[in-house]
Amino acid sequence: MPISTPSLLSAGSERRLLWSYGLGDAGTGMVATQMGFYLFVFFTSVVGLPAWMAGSVLMVLKLWDGLNDPFVGFLSDHTKHPLGPRIPWLLYGAIPLGVFVAASWWTPPGGIWIKFAVLVVIASCTQIAYTCVNLPYSALAAELTPDINLRTRLNAARFTGSILAGLSGVVIAAMVGVKVNECGGGAGLRGGAFLEMGLIGGLVVAVGTLACGWGLKPFAKHCQQPSGKKEPIKQQLLRISRNGRFLKVLGLYLLLWCALQLMQTVALLYFNVVMQVPSNWSTWILVPFQISALLGLQLWSWVSSRWGRIAALRSGGLMWIVACLVAMLLIPLDGAVAPMGSFSNGLNFVLLVATILAVGLGGSTAFLIPWSLLPDAIDADPEKPAGLYTAWMVVIQKFGIGLSIFVLGNVLTLSGYKACTASILLPSSALTTIRLCMGLIPAVLVVLGLLVMRRWPRRMHPIALNP
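As a starting point, this report considers the structure included with it. Quick caveat, the model's predicted, so the values are computed rather than measured.

Before going further, it helps to examine a nonpolar patch on the surface. Taken together, the side chains of Leu325, Leu440, Ile441, Val444, Val447, Leu448 and Leu451 present a nonpolar region at the surface, about 520 Å² in accessible area. Counting residues per element, the nonpolar patch draws most heavily on helix H15 (residues 440–452), at six residues. For Leu448, a relative accessible area of 37% corresponds to the partly exposed category.

Put into structure tokens, the structure is as follows:
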């Protein structure tokens, strides 16, 4: 295992560092969770887009987001400011991000194609603002400390804040009346509920980002700085292609997050359409998922400190794989009876919740482990351009997720899925497709991720990357 450098911070300073860094992903974590679970449903059930068009919107915004990541990473690496290169991006980008997040849940007037065009523009602006805040913030994890254990704790704090905020986002969605697979139109209660959720999310992301930037100011002045060396895109790609450790982390991150994003996108359809859970229950089932993911962060952080990050990845990945396969085989509830209205319904519902708990516990490795391993790959590069590596890691991840969501939308359309249609009227091909996206496909992606990390080096030393 890598040799950890002892932290030179006092106990009080370390607490402020962890709390402040954890706040940075609180607002963006809420936004990411709500968009991951509800945006596809919002586009199909409220805005009225067909599934293939909704998937296209999400793909376009991911591809656009991926294109601006290297640009923001480059600018962040070369920003000159008394507070360092990262903090100004957080402080100046917080309010614009909050505004665009709220606008993402507005239902435009007009026909389908006009709505499609307007949503693409809003989503593109939202993703630019998100990148300007979240990419410099993510790069800080490799720069704030050289201590490997503290880096892992920083990422645990980051995703603890993210999942707590995501849990709050799920509760807020349920409280304001967001429902699944029930059409109401943008002018009705359902459209208003989504917009209300967006306004709250926009406020949280703006306040959380500002608080993070203020809390990290004393540390950012003295943290590791990028060299500022200017490189053309060809040289950047050459540098990345020669860093084998980064390629492994990149492959792991792509595979795990594609699995997680796929499950997030179809989760509510799986609960409501396949498992026959009532709409007013299905949103609340996301709460135990968020809680178990939060507990998983603490568990895998502890396992990492005792036996290493790869051991934590293997244990969590195996749990995730088993839970995905179980999700494919669960028996649906009787839709004519309340979830706890009979013994068989109650048993099937308990098994469903237990499976979701296992998914959350195992799936939390997708949050913690890749980002905990990324600083090792950055340290292997003598120039240590954290913004560059963070940008390209996020780029590839977003391209993969965008493509997977686009494929999902088209596959659902081809399978016969239509929003606002009762499950008894949907063809079996649509129900099977949703089960596969919740079970077998994510399990295969996680297995591939574990295979990518088979030969991760136990000790880290700088490697020559320049030609």
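With that out of the way, let us pick up the pattern of salt bridges. Where side chains of opposite charge bring their charged atoms close, a pairing between them can arise. Here the structure, examined in full by the defined rule, presents three salt bridges. In this structure, the salt-bridge partner of Arg153 is Glu14, at a minimum N-O distance of 2.6 Å. In this pair, Arg153 sits in helix H5 (residues 148–176) while Glu14 sits in helix H1 (residues 11–47), placing the two residues 139 residues apart along the sequence.

This part is about the packing of aromatic side chains. Per the counting criterion, the structure on display carries 14 aromatic pairs. With centroids separated by 5.9 Å and ring planes inclined at 45°, the aromatic side chains of Phe42 and Phe43 adopt a geometry described as tilted. The exposure class of Phe42 is buried, given its relative accessible area of 0%. A relative accessible area of 2% means that Phe43 is categorised as buried. Judged by centre distance (5.8 Å) and plane angle (15°), the rings of Trp105 and Phe194 are stacked. Note that Trp105 is positioned in the loop between helix H3 (87–103) and helix H4 (112–139) and Phe194 in helix H6 (residues 189–220), a separation of 89 residues in sequence. A residue is classified by how much of its surface remains accessible, and Trp105, at 2% relative accessible area, is buried.

Reading the values: rules and limits
Residues numbered from 1 in each chain as written. Predicted model: local features only at pLDDT ≥ 70, side-chain atom pairs only at ≥ 80, totals over all residues. Heavy atoms only, no water. Patch = residues over 30% accessible without salt bridge, like charges linked within 9 Å, V, L, I, M, F, W, Y side chains within 5 Å. Areas by Shrake-Rupley, 256 points an atom, 1.4 Å probe, with all protein chains shown as cover. Salt bridge = Lys/Arg side-chain N within 4 Å of Asp/Glu carboxyl O. Helix = DSSP H or I, 4+ residues; strand = E, 2+ residues; numbered from the N terminus. Buried < 20%, exposed > 50% of the residue type's maximum accessible area, 1.4 Å probe, protein only. Phe/Tyr/Trp six-rings, centres within 6.5 Å; stacked < 30°, edge-to-face > 60°.

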